[in-house]
2 protein chains.
Amino acid sequence: MQIIKYPEKSQWKEILCRPVLDLSSLYKSVDAILMDVKERGDKAVIDYSWQFDKVRIKEIAVSHEEIISASNAVSGELKNAIQIASANIKTFHQAQAQTTLESQPSPGVRCWQKSVAIEKVGLYIPGGTAPLISTVLMLAIPASIAGCREVILCSPPNLEGNIHPAILYAADLNGINKIYKVGGAQAIAAMAYGTETIPAVFKIFGPGNQYVQAAKAKVSIENTAIDMPAGPSELAVMADDSAVPAFIASDLLSQAEHGVDSQVLLVTKSEKLINEVEKELQLQLAKLPRKAIASRALENSRMILLRDEDAMVEIINEYAPEHLIIATENYSRLANRIVNAGSVFLGNYSPESAGDYASGTNHTLPTNGHARAYSGVNLDSFMKKISYQELSYEGLKEIGSAIETLAEAEQLQAHKNAVSIRLSKSPKY
Amino acid sequence: MQIIKYPEKSQWKEILCRPVLDLSSLYKSVDAILMDVKERGDKAVIDYSWQFDKVRIKEIAVSHEEIISASNAVSGELKNAIQIASANIKTFHQAQAQTTLESQPSPGVRCWQKSVAIEKVGLYIPGGTAPLISTVLMLAIPASIAGCREVILCSPPNLEGNIHPAILYAADLNGINKIYKVGGAQAIAAMAYGTETIPAVFKIFGPGNQYVQAAKAKVSIENTAIDMPAGPSELAVMADDSAVPAFIASDLLSQAEHGVDSQVLLVTKSEKLINEVEKELQLQLAKLPRKAIASRALENSRMILLRDEDAMVEIINEYAPEHLIIATENYSRLANRIVNAGSVFLGNYSPESAGDYASGTNHTLPTNGHARAYSGVNLDSFMKKISYQELSYEGLKEIGSAIETLAEAEQLQAHKNAVSIRLSKSPKY
């Protein structure tokens, strides 16, 4: 990691720069896939799976039998872990349920707002050598609590044409039985437009490679909502001498092992801590199976020495990290000053991996600085709010002239008429 | 309006089709404007204002003096109307404030979620012959309640280089003093990237013409969030014989006068109502100043006669209207069955124009079927949620093996290590 001591504020922008993510060069090829799936449906999905995933899919939908035999293929220990994580994720997301918010702005004018589940949602779970079981939980559980009527899941099959049994088990455990063996931009296209086999959904969730993210961006400016924009994963740590260097190093590495474009930052006013973390990093890195990836990610990463806590808070808010660990004596007070972050981990015993898997919070979080304007996935992400109003004759009379005056100022006579005509008639009407 | 009696379900898709909105043909020219403003800043903004708005802007920022003299130029009656509307909008949006949601999924594991204001937001208010005063209120008031630190407003100047005094008055009343005389795609570019004069923001709100909407779509897949995707305005009315035909006609016209691409639907099981509304429409239309626009919008519009309430509810949910008026005897019961709509107006005395101006609900709503997945603008639109977790040693111990098992299944050894290393040390550390 690069060590930067007492940088001038004018240098911050450069210090905080992230690995570049430019999807625009992919849009052309992704557009072609989107259009093709829109036109040829299942046939196009099957062709692209052959082209990109090197597998000939016979049946796009996972069968009931496959789901049952998947359950048998998952070890008891893993099932137990999935159940513990599920229970905690459920508790935290259930606590987010909102009651209908009602108010009476003016006599006879009742207004309220109600959260209603999005009827049809699609979850994307990337493939790869290891199954992203936790991502299934993070998306399926809030979808189920929200009460989405139709929840479908797409994930690319392996070379044998199968989805990892642990993915199927985790999905089935959370009530998802429409699972499709398709990945990449073609999966996003299928969920956005629908095919003969895969139903179209209103909102698509989940991580993925750059093609998946580019496809999500493109459908988001057509007719399908998405959870949030893309970016490589990142972690910032604020720490002082009350932190344990070995713990900090383990956290930095847990983020760095995600991918070569991951980024980690350590922000502190203790030079001693920087030196100790640096040593621990080398010790722990040497033993990691994903050492090569983590090393490259660390090259993009920085330890920043600052003069005081004000500067630490300011630089973190400027960066807007996806994950933030605060391991300082006064972590609660610092946490209150954070305004831009996805998920925050407090104290010495809250590693990022707790939130990645089982503390209960969601791990689908805004990267790439998007924490400035976006929330991580939460119960609300699977719902939308509808507003309601009910006015009595007296209620309309009370605010009628304000409406008429404003409508007239906006030169919208028919808007005014809709009030005038009501007030001109007896309320017995 | 076209009258369609007892359509087969297979015809619904065609009946419910909306006027086509295809922004993609505009993307090329909008991209050029975006890139130019990004590079040349204020100079580009001034050039495009001359090119598109035919006005040479001398000072992009509205001065303090202009704001003060604007207040003197607004009539007492209009000020009073603005204040009544503001008070109601404030009441309804204040009721949406959320407390921090906390839960303890497992002993020693505390998790919570907090809503935090987006620091910098930009509001776009379109120009044109009439000032959209109400849109200023609908965006500025929730931004102020949320506590956004920097709220800026862009609106195109008229040929004399001024923004309408009522816009300035409404903005100033709600604490906005950074107001810029710029419209179109160049305004969106300025707010997304920042110029010498106009600061960059994290999220952009507000309606606009197709260039504005195309620019918002493009910046939304770069680094700036937007309120929601674009589409022409629309209204659906569900009614029975308890409705007043003259009232319904006035509502259909209030929507139709918005623009030639507006759409209105009347859904009923009463043929008598259709006939009476049709007559009233002709009577009221004849007297409207915006008759030409409303007539053309009515050509895109339909009265649909259905057999029963189930079909009425189903077709409305399929259409997902921006505005929905339910003027039936049992409107509360029907309202409970609506799952896709932006804002719902109940009974005979709740015209759409009440919500457009002064009932307190927001009028920035999802059009074009986006109500299936998007909320209208509400307090939450100006905030994002941050999640927090604080684990004790005992808390981490409780869920540690679940994390380790899942991390191992996902082949992320460093994620596992971050837990193991903590649990291997004494909690006194």
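These numbers were taken from a predicted model, which means no experiment stands behind them. (Residues numbered from 1 in each chain as written. Chains lettered and ligands numbered in written order. Predicted model: local features only at pLDDT ≥ 70, side-chain atom pairs only at ≥ 80, totals over all residues. Heavy atoms only, no water.)

Caption draft 1: Looking closely at the overall build of chain A. Along its length, chain A carries 17 helices and 14 strands. In terms of principal-axis extent, the alpha carbons of chain A reach across some 85 × 60 × 45 Å. Taken across its 429 residues, chain A has 64% of its residues classed as buried. In chain A, the share of contacts with a sequence separation of at least 24, taken over all contacts with a separation of at least 6, comes to 75%. For chain A, the exposed area adds up to about 15,800 Å²; of that, 49% sits on carbon and sulfur atoms. Taken together, the 41 basic and 48 acidic charged side chains of chain A have centroids lying 4 Å from each other. (Helix = DSSP H or I, 4+ residues; strand = E, 2+ residues; numbered from the N terminus. Buried < 20%, exposed > 50% of the residue type's maximum accessible area, 1.4 Å probe, protein only. Contact = heavy atoms within 4.5 Å. Areas by Shrake-Rupley, 256 points an atom, 1.4 Å probe, with all protein chains shown as cover. Lys, Arg positive; Asp, Glu negative; His and termini not counted. Charge placed at Lys NZ, Arg CZ, Asp CG, Glu CD.)

Caption draft 2: Representation of the domain arrangement of chain A. For chain A, the domain assignment lists domain 1 (24-108 + 116-226), domain 2 (231-375) and domain 3 (392-423). Computed over C-alpha atoms only, the centres of domain 2 of chain A and domain 3 of chain A are separated by 55 Å. (Domains from an automatic or database assignment.)

Caption draft 3: Spatial organisation of the sheet that holds strand β8 (residues 225-226) of chain A. Residues and elements named next belong to chain A. Read from one edge of the open sheet, five strands run β6-β5-β4-β7-β8, paired in parallel fashion. If you trace the sheet from one side to the other, it starts and ends with β6 (178-181) and β8, each paired once. Strand direction decides the pairing type here: strand β7 (residues 203-205) and β8, joined by two bridges, are parallel. Following the sheet pairing, K203 is matched in β8 by A225. Its contacts with the sheet put helix α8 (residues 184-193) on β4 (120-124), β5 (150-155) and β7, and the angle it makes with β4 is roughly 175°. (Pairing = 2+ DSSP bridges. Axes fitted to C-alpha atoms, helices over the stretch in contact; angles between N-to-C directions.)

Caption draft 4: Fine view of the nonpolar core. Grouped together as the largest cluster of nonpolar side chains are 131 residues, with contacts concentrated most on L123 of chain A together with L123 of chain B. Setting aside anything within four residues of it in sequence, one finds L123 of chain B in contact with L139, A140, V151, I152, L153, C154, I176, M191, F205 and F382 of chain B. Counting residues in hydrophobic clusters, the runner-up holds 70 residues, among them Y124, A217 and I226 of chain A together with I33 of chain B. (Core = buried A, V, L, I, M, F, W, Y, C linked by side-chain atoms within 4.5 Å.)

Caption draft 5: The arrangement of the interface of chain A and chain B in detail. With 120 residues of chain A at the interface, the matching set in chain B holds 120 residues. Buried area between chain A and chain B, both sides added, is near 10,600 Å², and the carbon and sulfur share of it is 60%. The three residues of chain A that bury the most area against chain B are Y349, Y357 and R422 of chain A, which together make up 8% of that side's buried surface. Remark: the boundary between chain A and chain B carries four salt bridges. Classifying every residue of the side of chain A that touches chain B gives 63 nonpolar, 39 polar and 18 charged. Both strand β14 (residues 383-391) of chain A and strand β13 (residues 343-346) of chain B contribute to a ladder of four bridges, which runs parallel. The residue bridging S387 of chain A from the neighbouring strand is S343 of chain B, located in β13 of chain B. (Buried area = accessible area lost by both parts, 1.4 Å probe. Salt bridge = Lys/Arg side-chain N within 4 Å of Asp/Glu carboxyl O. Nonpolar A, V, L, I, M, F, W, Y, C, P; charged D, E, K, R; others polar.)

Caption draft 6: Spotlight on the state of the cysteines. Per the counting criterion, the structure on display carries zero disulfides over all chains. Of all cysteine sulfurs in the structure, the one in C148 of chain A sits closest to C154 of chain A, which takes part in no disulfide; the separation is 15 Å. (Disulfide = S-S within 2.5 Å.)

Caption draft 7: Up close: the packing of aromatic side chains. For the coordinates displayed, the defined rule picks out ten aromatic pairs over all chains. Ring geometry for F247 of chain A versus Y349 of chain A: centroids 5.8 Å apart, planes at 65°, classification edge-to-face. With F247 of chain A in helix α10 (residues 245-256) and Y349 of chain A in the loop between β13 (343-346) and α15 (352-357), this pair connects stretches of sequence that are 102 residues apart. The exposure classification of F247 of chain A matches that of Y349 of chain A, with both residues buried. Ring centres of Y48 of chain B and F52 of chain B lie 5.9 Å apart, and the angle between their planes is 10°; on these two criteria the pair is classed as stacked. Taken together, the residues span about one helical turn, with Y48 of chain B and F52 of chain B both in helix α3 (residues 42-53) at a distance of four residues. Residue Y48 of chain B is classed as buried on the basis of its relative accessible area of 12%. Of the residues examined, F52 of chain B reaches a relative accessible area of 43% and is grouped as partly exposed. These aromatic residues form a ring-pair network of at least three members: F247 and Y349 of chain A together with Y393 of chain B. Between the NZ or CZ atom of R18 of chain B and the centre of the ring of Y319 of chain B, over which it lies, the distance is 3.9 Å. (Phe/Tyr/Trp six-rings, centres within 6.5 Å; stacked < 30°, edge-to-face > 60°. Lys NZ or Arg CZ within 6 Å of the ring centre and 35° of its normal.)

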